[in-house]
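# Examining the three-dimensional arrangement
The lines below spell out each chain.
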Amino acid sequence: MNRVLVIKHGSLGDIAFSLPIMHSICVHYPNVSIDLLTEKKYFNFLSKANYFDNLLEDNRSNNIITTISLLIKLLKRKYDLIIDLQNSSRTSYYHLFFRIFSNVKICSSRKFSHIKYKNPIQGTETATKGLFNQIKLLEIPKIINIQYNWLNSNLDGRYSNKTILFIPGVSKKGKYKRWDPKKYSELAKYCEDKNYQICVVGTKQDRESVIPIMKNCENLINNIGHSPPDIIYSISKISTLIVTNDTGPGHIAALSGSNILWLVNDNKVTQANIGNETNNYKISSSYVNNITTQEVINFIEKKKLL
């Protein structure tokens, strides 16, 4: 085997889920040229990992000419194996193209693949576990206790060893996952009164979620709009506790191994996204906003998270 193509698009959370699998693939094939097909917005982030020889751009254009041009470009690279970690309807069409025009072997859970992983019922395994089970078909062993030192970033002097990281925002499509910002502010005030430093991260669209916390806390470190994955990870590493919704930045924070408290909906999506790792704590309800601030405080005190 000379060349392998790994495919992974999706949200930031999807990328975070797949990082342990990417690492395992690269360790298993040390003398093979491995490319990653992903979206341009992840190039800066993933280039720091040094997992891949090349990052190839696929922004999942709806233009058929653009897509065919991409597939022809990939065809010319003469891959021996394609590992599809995206497993989407779109990538199944990629598989069909390669089945017709090449002899490359394809590992995926979608149709037209040669080595096919059969997905169980949603919610019975996490996304990361499912991807590990998929590459197990290729006899790629699971690498455990992976270190993400490549995500470390130098922080300025504002941060103390008594920091609590809040991730109150969600994507536009994920507002049903968001715990009430007012409740976040009440919890932040409780933590501040216990002499903890409050820090928030997120994108510019998360400003609305942070305003109540800003009004309720005196010494807030506000990183909204300045929260690339390496900053989220680095703050998480020094944090006593992370409090978050089921959101991409939360899953980046979870890579740090620090204690993390998820405030989430009780459904199959959450079950697929959040595992039972020792640092994972979870409060769930049929609707996340049914969770009260006092319920969260009681949980924190019972589990001695502060």
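One structure accompanies this document, and this report is about it. In this text, all values refer to a predicted model and were calculated from it rather than measured experimentally. (Residues numbered from 1 in each chain as written. Predicted model: local features only at pLDDT ≥ 70, side-chain atom pairs only at ≥ 80, totals over all residues. Heavy atoms only, no water.)

## Quick notes on the pattern of salt bridges
Note the following rule: When a carboxyl oxygen of Asp or Glu is within 4 Å of a side-chain nitrogen of Lys or Arg, the pair counts as a salt bridge. Helix and strand labels come from DSSP, where a helix needs a run of H or I of at least four residues and a strand needs a run of E of at least two; each type is numbered from the N terminus.
In the structure shown here, the tally under the stated rule is nine salt bridges. The shortest N-O distance in the salt bridge between Arg60 and Glu39 comes to 3.1 Å. With a gap of 21 residues between them, Arg60 in the loop between strand 3 (54–57) and helix 3 (64–75) and Glu39 in the loop between strand 2 (33–38) and helix 2 (43–47) connect regions that are remote in the sequence. In the salt-bridge network here, residues are joined through shared partners; they are Arg3, Asp35 and Arg77.

## Quick notes on the state of the cysteines
Applicable threshold: The disulfide criterion is simple: two cysteine sulfur atoms within 2.5 Å.
In this structure the tally under the stated criterion is zero disulfides. Looking at Cys26, it has no disulfide partner, and the nearest cysteine sulfur is the one in Cys107, 15 Å off. Here Cys199 is not disulfide-linked; the sulfur of Cys217 is the nearest cysteine sulfur, at 11 Å.

## Considering the sheet that holds strand 4 (residues 81–84)
Keep this limit in mind: In this description, strands pair whenever DSSP reports at least two bridges between them.
With respect to topology, six strands assemble into an open sheet ordered 3-2-1-4-5-6, the strand pairing being parallel. Taken across any chain shown, the strands that pair with only one partner, and hence form the sheet edges, are strand 3 and strand 6 (115–116). Sheet topology note: the strand 2/strand 3 ladder contains four bridges and is parallel. Across the sheet, the residue bridging to Leu36 is Leu55, located in strand 3.

## Re the sheet that holds strand 7 (residues 163–167)
Using the following cut-off: For helices, the axis comes from a line fit to the C-alpha atoms of the stretch in contact; other axes are also lines fit to C-alpha atoms, and the angle between any two N-to-C directions lies between 0 and 180 degrees.
Spatial strand order, 9-8-7-10-11-12: six strands in an open sheet with parallel pairing. In the strand order of this sheet, the two ends are held by strand 9 (220–224) and strand 12 (280–285), each with one partner. Ignoring strand direction, the axes of neighbouring strands in this sheet form an average angle of 15°. Relative to strand 12, strand 11 (residues 260–265) runs parallel, the two sharing six bridges.

## Examining the layout of surface pockets
To keep things clear, this is the line we draw: A pocket, in this scheme, is an open set of points on a 1 Å grid over the protein atoms alone with protein on both sides within 12 Å along at least 5 of 7 lines, while a cavity is a set where a 1.4 Å probe fits but cannot get out; residues line either one if an atom lies within 4 Å of a point. Grid points are joined across faces, edges and corners, and a volume is the space filled by probe spheres set on the points. Any residue outside Ala, Val, Leu, Ile, Met, Phe, Trp, Tyr, Cys, Pro, Asp, Glu, Lys and Arg is labelled polar, Gly included; the first ten of those are nonpolar and the last four are charged.
Within this model, the second largest pocket holds a volume of roughly 970 Å³. Surrounding the second largest pocket, 36 residues form its lining, Pro20, Thr128, Ala254, Leu255 and Glu277 being those nearest its centre. Sorting the residues of the lining of the second largest pocket by element identifies helix 1 (12–28), helix 5 (127–136), helix 8 (229–238), helix 9 (248–254), helix 10 (268–273) and strand 12 as the ones contributing at least two each. The greatest single-element share of the lining of the second largest pocket, amounting to four residues, is contributed by helix 5. Looking at the lining of the second largest pocket residue by residue, the class counts come to 15 nonpolar, 15 polar and six charged.

## Brief notes about the environment of Gly257
The following threshold applies: For every residue, the accessible area obtained with a 1.4 Å probe (protein chains only) is divided by the maximum for its type, and the residue is called buried under 20%, exposed over 50%, and partly exposed between those limits.
By the secondary structure assignment, Gly257 is in the loop between helix 9 and strand 11. A relative accessible area of 47% means that Gly257 is categorised as partly exposed. Linking Gly257 and Thr67, residues 190 residues apart in sequence, is a C-alpha distance of 39 Å.

## A look at the packing of aromatic side chains
Condition: The criterion for an aromatic pair is that two Phe, Tyr or Trp rings (for Trp, the six-membered ring) have centres within 6.5 Å, with stacked assigned to planes under 30 degrees apart, edge-to-face to planes over 60 apart and tilted to the rest. Throughout this description, the term charge over a ring refers to an Arg CZ or Lys NZ atom that lies within 6 Å of the ring centre and within 35 degrees of the ring normal.
If you walk through the whole model with that rule in mind, you get nine aromatic pairs. Note on Phe97 and Phe101: the rings are 4.9 Å apart at their centroids and 45° apart in plane angle, and the pair reads as tilted. With Phe97 and Phe101 both in helix 4 (residues 89–101) and four residues apart, the pair spans about one turn of that helix. For Phe97, a relative accessible area of 15% corresponds to the buried category. On the basis of an interplanar angle of 75° and a centroid distance of 5.0 Å, the ring pair of Trp179 and Tyr184 is categorised as edge-to-face. One aromatic cluster is present, built from ring pairs that chain together Phe45, Tyr51, Phe52, Tyr148 and Trp150. When the ring centre of Tyr196 is taken as origin, the NZ or CZ atom of Lys162, which lies over that ring, is 4.4 Å away.

## A few points about helix 7 (residues 207–216)
Let me state the cut-off plainly: Arc, as used here, means the arc of the directions from the helix axis to the C-beta atoms. Should any heavy atoms of two residues lie within 4.5 Å, those residues are counted as being in contact.
For helix 7, every residue scored as buried is listed here: Ser209, Val210 and Ile213. Burial along helix 7 is one-sided: seen end-on, the buried residues are contained in an arc of 80°. On its buried side, helix 7 packs onto helix 6 (181–193), strand 8 (197–202) and strand 9.

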